[in-house]
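# Architecture and fold: a report
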Amino acid sequence: MSKKVLFCATVDIHFKAFHLPYMKWFKEQGWEVHVAACGDLILPFVDKKYNIPIQRSPFNRMNHGAYKELKEIIDKNHYKIIHCHTPMGGVLTRLAAKKARQNGTKVLYTAHGFHFCKGAPFINWLLYYPIERVLSPFTDCLITINLEDFTLAENHQFKAKVIKHVHGVGVNTELFKPVEEAHKSKLRKKLGYKPQEFLMVYAAELNRNKNQKLLIESIALIKDEIPEAKLLLAGDGPLLTECQALSDKLGVRGMIDFLGFRNDIDKLLQMSDIGVASSLREGLPVNIMEAMSCGLPIIATDNRGHRELIKDGKNGWIIKNNPEDFSSKIKMIARNSKMKYEFGVQGRDDVLLKYSISRVLEEKNNIYRLYMDEMEDKLWAIH
């Protein structure tokens, strides 16, 4: 009988974006790989995929049906390892796998940034903290992607059998890499940008948490001093119209490009001057790691994910959540090419040291091997 692993999350695009290298690794070890999530994407390295109607809201009634489907799948397939991701994916999977764990299945859960954290709204603590406390005893390994969450889980004595820390999901440092000035100029020309423009880029859904309004307000404060500045906002989202209206109101619509969904983020980063980030809450943001990997200095708001990545005054700046701080740092780096270069080099080095796919894959492999080896030991004991 082949050894099977199940990956589960709320939506299947989560796996396409972040976890294909780890599925590929399991295939290379001779394992059968299954995926359960909402969506009908065709994913490589997957032997069996289940479209389960998991919903993001814990109050959505469809999650009851999703739980029943998930439990049936788990009970039928006798997985050796289950690795779940995202809040609701983690909740439903750990509940559905309670019986399977009694029969030896190992359940791993990666918290991609606890919704409760220092500075989070009280409602987040009221709702999500008790859920994680209750479900932690049904978790063989709780994996955190930043040190603040790791410390929180340990200090609050979450009852997972093991608590581990890994450096995110990994960045493809061969795709996201700096380019020579000549190549940068070609990219700009191809995408319709001028050599003298000062390009700032942020790839994120336009929503309340990502807080793009802060960036628009910051641009308004520098429009006279740095008229060549241009903000590139890659992503769709519920606040698109609102952000466009704000840019019109502040007279900076011509300095902001709302790019919508893009599949060429690497090119946008490579032709840009700096990466910016305005979010209120982050676990360990991939968009910032990708920008750093392309050799961009970073200006970002103060939250745990940004604090983990950005060494203030070394590879960028952590700033307060106000446009005055943001705009002052933009002006500072726009006028200092030496600082911009040095920050970019340091950021690239930091990613290569800790956050590349190869480094994170090694960390994940060490965790997976704990449970693979445990199974092999049991088989030897039986024989």
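Here the structure is shown first, and the text comes after it.
Now for a quick tour of the structure. (Residues numbered from 1 in each chain as written. Predicted model: local features only at pLDDT ≥ 70, side-chain atom pairs only at ≥ 80, totals over all residues. Heavy atoms only, no water.)

### Observations regarding a nonpolar patch on the surface
- On the surface, Phe122, Ile123 and Leu126 cluster together into a nonpolar patch covering about 360 Å² of accessible area.
- Among the secondary structure elements, Phe122 is positioned in helix H6 (residues 122-135).
- Of the residues examined, Phe122 reaches a relative accessible area of 64% and is grouped as exposed. (Patch = residues over 30% accessible without salt bridge, like charges linked within 9 Å, V, L, I, M, F, W, Y side chains within 5 Å. Areas by Shrake-Rupley, 256 points an atom, 1.4 Å probe, with all protein chains shown as cover. Salt bridge = Lys/Arg side-chain N within 4 Å of Asp/Glu carboxyl O. Helix = DSSP H or I, 4+ residues; strand = E, 2+ residues; numbered from the N terminus. Buried < 20%, exposed > 50% of the residue type's maximum accessible area, 1.4 Å probe, protein only.)

### A short note on the pairing of strand E12 (residues 298-301)
- Burial of E12 is two-sided: the residues Ile298 and Ala300 facing one way and the residues Ile299 and Thr301 facing the other way are all buried.
- With respect to chirality, the unit in which strand E11 (residues 274-277) leads through helix H12 (residues 286-293) into the neighbouring parallel E12 is right-handed.
- Alignment of E12 against strand E13 (residues 316-319), held across 4 bridges, turns out to be parallel. When the bridges of E13 are listed, Ala300 appears paired with Ile318.
- Read from E12 through helix H13 (residues 304-309) to E13, the crossover connection turns out right-handed. (Right-handed = clockwise from strand over helix to strand, strands pointing away. Pairing = 2+ DSSP bridges.)

### As for the sheet that holds E13
- Ordered in space as E10-E9-E8-E11-E12-E13, the 6 strands form an open sheet in which the pairing is parallel. The open sheet has two edge strands, strand E10 (256-260) and E13, and neither has a second partner. With strand direction ignored, the average angle separating the axes of adjacent strands in the sheet is 20°.
- Judged from the 2 bridges that link them, strand E8 (residues 198-203) and E11 form a sheet pairing that is parallel. Bridging from a neighbouring strand, Val201 pairs with Gly275 of E11.
- Along the sheet, H12 contacts E8, E11 and E12; its crossing angle with E12, the most-contacted strand, is approximately 165°. (Axes fitted to C-alpha atoms, helices over the stretch in contact; angles between N-to-C directions. Contact = heavy atoms within 4.5 Å.)

### Digging into the pattern of salt bridges
- A full pass over the atoms with the stated rule returns 21 salt bridges.
- Between Arg335 and Glu225 there is a salt bridge, with its nearest N and O atoms 2.9 Å apart. In this pair, Arg335 is assigned in the loop between helix H14 (323-334) and helix H15 (337-355) and Glu225 in the loop between helix H9 (212-222) and strand E9 (229-234), connecting sequence segments 110 residues apart.
- Residue Arg335 is classed as exposed on the basis of its relative accessible area of 56%.
- Where Asp350 meets Lys311, a salt bridge forms, and the shortest distance between an N and an O atom there is 3.1 Å.

### Structural notes on the sheet that holds strand E2 (residues 32-38)
- With respect to topology, 7 strands assemble into an open sheet ordered E3-E2-E1-E4-E5-E6-E7, the strand pairing being parallel. Looking along the sheet, the strands with just one partner apiece sit at the ends: strand E3 (48-51) and strand E7 (162-165). For this sheet, the mean angle separating the axes of adjacent strands, direction not counted, is 20°.
- Pairing of strand E5 (residues 106-111) with strand E6 (residues 141-144), which is carried by 4 bridges, proceeds in the parallel orientation. Note that in E6 the partner of Tyr109 across the bridge is Leu142.
- Strands strand E1 (4-11), E2 and strand E4 (81-85) of the sheet are contacted by helix H2 (residues 20-28), whose axis makes an angle of about 150° with E2.
- Against the sheet, helix H7 (residues 147-155) touches E6 and E7, its axis set at about 165° to E7.

### Observations regarding the packing of aromatic side chains
- Applying the stated criterion to the full structure yields 14 aromatic pairs.
- Pairing Phe7 with Phe15 gives two aromatic rings, centres 6.1 Å apart and planes at 75°, and the pair type is edge-to-face. Each member of the pair, Phe7 as well as Phe15, is classed as buried.
- Relative to Tyr368, the ring of Trp25 lies with its centre 5.9 Å away and its plane at 20°, an arrangement referred to as stacked. (Phe/Tyr/Trp six-rings, centres within 6.5 Å; stacked < 30°, edge-to-face > 60°.)

### Observations regarding the layout of surface pockets
- Volume-wise, the second largest pocket comes out at about 590 Å³.
- Lining the second largest pocket are 28 residues, with Glu181, Lys184, Gly295, Lys340 and Tyr341 sitting closest to its centre.
- For the lining of the second largest pocket, the secondary-structure elements that each account for two or more residues are helix H8 (181-191), H14 and H15.
- Ranked by residues supplied to the lining of the second largest pocket, first place goes to H15 with 7 residues.
- Here the lining of the second largest pocket is composed, by residue class, of 11 nonpolar, 7 polar and 10 charged. (1 Å grid on protein atoms, 1.4 Å probe; cavity = no way out; pocket = protein on both sides within 12 Å on 5 of 7 lines; lining within 4 Å. Points joined across faces, edges and corners; volume = space filled by probe spheres on them. Nonpolar A, V, L, I, M, F, W, Y, C, P; charged D, E, K, R; others polar.)

### Looking at the environment of Arg369
- On the secondary structure map, Arg369 appears in helix H16 (residues 357-382).
- Using a relative accessible area of 35% as the deciding quantity, one classes Arg369 as partly exposed.
- As for Arg369 and Arg56, which are separated by 313 residues in sequence, their C-alpha atoms are 31 Å apart.
- In this structure the side chain of Arg369 is engaged in a polar contact, spanning 3.0 Å, whose partner is the side chain of Gln29. (Polar contact = N/O pair within 3.5 Å; in protein donor to acceptor, adjacent residues only side chain to side chain.)

### A word on the pairing of E7
- In this structure, E6 lies alongside E7, joined through 4 bridges in parallel fashion. For Leu142, the partnering residue across the bridge sits in E7 and is Ile163.
- On the question of chirality, the crossover connecting E6 to the parallel E7 by way of H7 is right-handed.

### A short note on the packing of helix H4 (residues 87-96) against H6
- Put simply, H4 and H6 touch, their axes get as near as 11 Å, and they point 30° apart. The angle between H4 and H6 places the two elements in the roughly parallel class. Every pair of crossing elements has a handedness; the one defined by H4 and H6 is left-handed. Only Ile131, Glu132 and Leu135 of H6 make contact with H4, whose side of the interface consists of Val91, Arg94 and Leu95.
- Here the residues of the contact of H4 with H6 are counted per class, giving 4 nonpolar, no polar and 2 charged. (Parallel < 35°, antiparallel > 145°, perpendicular 65-115°, else oblique. Left-handed = near helix turned anticlockwise from the far one by under 90°.)

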